Amino acid sequence: HRGMKITSRAFEKNAKGWIKFVPESADDVWHAYNLIAVDDEVECTTMRKLKNEHAGELRESSSKVVKLTLRVRCEDVEYDAEGATIRVKGQNKTECEEVKLNAYHTLEIGIGRAVKIEKTAWDSVDVGRLEEAADPSATADLAAVLIVDGLANVVLVGATQTIVKGKIEASMPRKRGMALMGYEKAETKFFSNVASVVERHVDFDRVKCLVIAGPGFTKDTFTDFLKLEAVRKNWKTLQTNFSRVIKAHASSAYVHSLSEVLENPTVRALISDTKAASEVKALDDFFEMLANDPARAFYGPAHVMAAHELNAIDKLLITDTVFRTRNVAQRKMWVRVTEEVTKSGGIVHIFSSAHASGEQLEQITGAAAILRFPLPDLADAELPAL
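Parameters at a glance
- Residues numbered from 1 in each chain as written.
- Predicted model: local features only at pLDDT ≥ 70, side-chain atom pairs only at ≥ 80, totals over all residues.
- Heavy atoms only, no water.
- Pairing = 2+ DSSP bridges.
- Helix = DSSP H or I, 4+ residues; strand = E, 2+ residues; numbered from the N terminus.
- Axes fitted to C-alpha atoms, helices over the stretch in contact; angles between N-to-C directions.
- Contact = heavy atoms within 4.5 Å.
- Polar contact = N/O pair within 3.5 Å; in protein donor to acceptor, adjacent residues only side chain to side chain.
- Buried < 20%, exposed > 50% of the residue type's maximum accessible area, 1.4 Å probe, protein only.
- Phe/Tyr/Trp six-rings, centres within 6.5 Å; stacked < 30°, edge-to-face > 60°.
- Lys NZ or Arg CZ within 6 Å of the ring centre and 35° of its normal.
- Nonpolar A, V, L, I, M, F, W, Y, C, P; charged D, E, K, R; others polar.

What follows concerns the sheet that holds strand β6 (residues 104-109). Judged by pairing direction, the sheet is antiparallel, and its seven strands sit side by side in the order β1-β2-β7-β3-β4-β5-β6 without closing on themselves. The sheet is open, and its two borders are formed by β1 (5-11) and β6, each paired with just one other strand. Mean inter-strand twist for the sheet, computed between neighbouring axes without regard to direction, equals 40°. Direction of pairing for strand β4 (residues 63-80) relative to strand β5 (residues 85-92): antiparallel, over a ladder of eight bridges. Pairing of V77 across the sheet is with V88, part of β5. Each of β2 (17-22), β4, β5, β6 and β7 (115-119) is contacted by helix α1 (residues 26-35), which is oriented at about 70° to β4, the strand it contacts most.

As structure tokens, then:
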């Protein structure tokens, strides 16, 4: 995986300016979604339906679709994970005869479509995201098959998000007596369905490893099946990469069990340099501290803020949702906190809300901190909401 391809840029930190880039992956689109804020001006090619003024009233085909490059002042931005696209809605700022100035239009940004983003100010979180987006080593790119008897999820863990590529279900007969033949037949069919999803979606040039995980023996049986299938189907890439197939324990075949897989020592060693892995570790450390020394583990915006005012934060854990707020003052406040924590030698982890670890952090408000020293009085205090 290469980092995001920025074709040109002209901005200073905390000043106005623009960047142009072409998203090449779902990760790039996710970065763009987090970069585009209300009042930014966004420009890309788009389709617009135009009424044909001269056509007679009765003719149906009195409108045509044209391709234009429009610049829109963003009022709303939506992310569609399925299609890896973003919709940016706002008023047109391009003077052209086809579309009136300030008419509403929605741009769709996706893979392969060049886009320009202009802001009145690029803050440090924006700049940090651009650096992260351009860093090819930050990607986790791990594939996993979470599997039990009759249910499997094939999942890709990218730099910024976890995507389910296929859910395979089968009703399995009982394993006893006469039904055993039927069971073996059903299992083979189930396994070959899972294997074909793996073959379709797991690209060994991109993923560091393929983890086969689950609570019971199904993961072992499936791993053996996959090895044979690779030979039977002459699936060369899997044959040459079988050393990168790892078995791991997971308590279920549901996607939330993925965090257990990421904590597995073998898996962790392979993806240790990636952002997804450092997020999982930071969240682990936080929950451990919360259990052992709760006066050194704070969560909730008010408590995190109060700890920061005492310069007590060693590690700040925060989700990217906090920065997608429409409340500009609130975003500025969090940006300031991340800058100050970093300046005073602390570590800031900005979690992707499209990862399981980010979702877990969201459940405890999206903001948490591990402190340098315990603050028992503050820990027990009822603080007004920010």
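In this section: the environment of K5. In this structure, K5 sits in strand β1. As a C-alpha pair, K5 and A133 span 128 residues in sequence and 8.8 Å in three-dimensional space. Discounting chain neighbours no more than four positions away, the residues touching K5 are F21, V22 and E24. A distance of 3.4 Å separates the side chain of K5 from the side chain of E24, its partner in a polar contact.

What follows concerns α1. Of all ten residues that make up α1, nine are buried, and the element is covered over most of its length. All of the buried residues along α1 are D27, D28, V29, W30, H31, A32, Y33, N34 and L35. For α1, the secondary structure elements touched by its buried residues are β2, β4, β5, β6, β7 and α2 (124-134).

A word on the packing of aromatic side chains. Applying the stated rule across the entire model yields ten aromatic pairs. Ring geometry for W30 against Y33: centres 5.5 Å apart, planes inclined by 55°, an arrangement best described as tilted. Here W30 pairs with Y33, and both are found in helix α1, just three residues apart, close to one helical turn. By the burial criterion, W30 is buried, and Y33 matches it. Ring centres of F286 and F287 lie 5.5 Å apart, and the angle between their planes is 70°; on these two criteria the pair is classed as edge-to-face. With a relative accessible area of 0%, F286 lands in the buried category. The ring of Y104 has K89 lying over it, and the distance from NZ or CZ to the ring centre is 5.4 Å. The cationic tip of K116 hangs over the ring face of W18; the distance from NZ or CZ to the ring centre is 4.8 Å.

Take the packing of α2 against helix α10 (residues 328-343) next. For any two helices packed against each other, the geometry comes down to the angle between their axes and how far apart the axes lie. The interhelical angle for the contact between α2 and α10, taken along N-to-C directions, is 65°, at an axis separation of 9 Å. On α10, the residues that touch S124, V125 and D126 of α2 are R331, V335, T338 and E339. Its residues assigned to classes, the contact of α2 with α10 comprises two nonpolar, two polar and three charged.

Next up on the list: the side chain of H105. Tracing the sequence through the fold places H105 in strand β6. Judged by relative accessible area, which is 7%, H105 ranks as buried. Only 2.8 Å separates the side chain of H105 from the side chain of T46, close enough to count as a polar contact. Filtering out sequence-adjacent residues up to four positions away, H105 remains in contact with T46, M47, R48, L70, V72, V88, K89 and G90.

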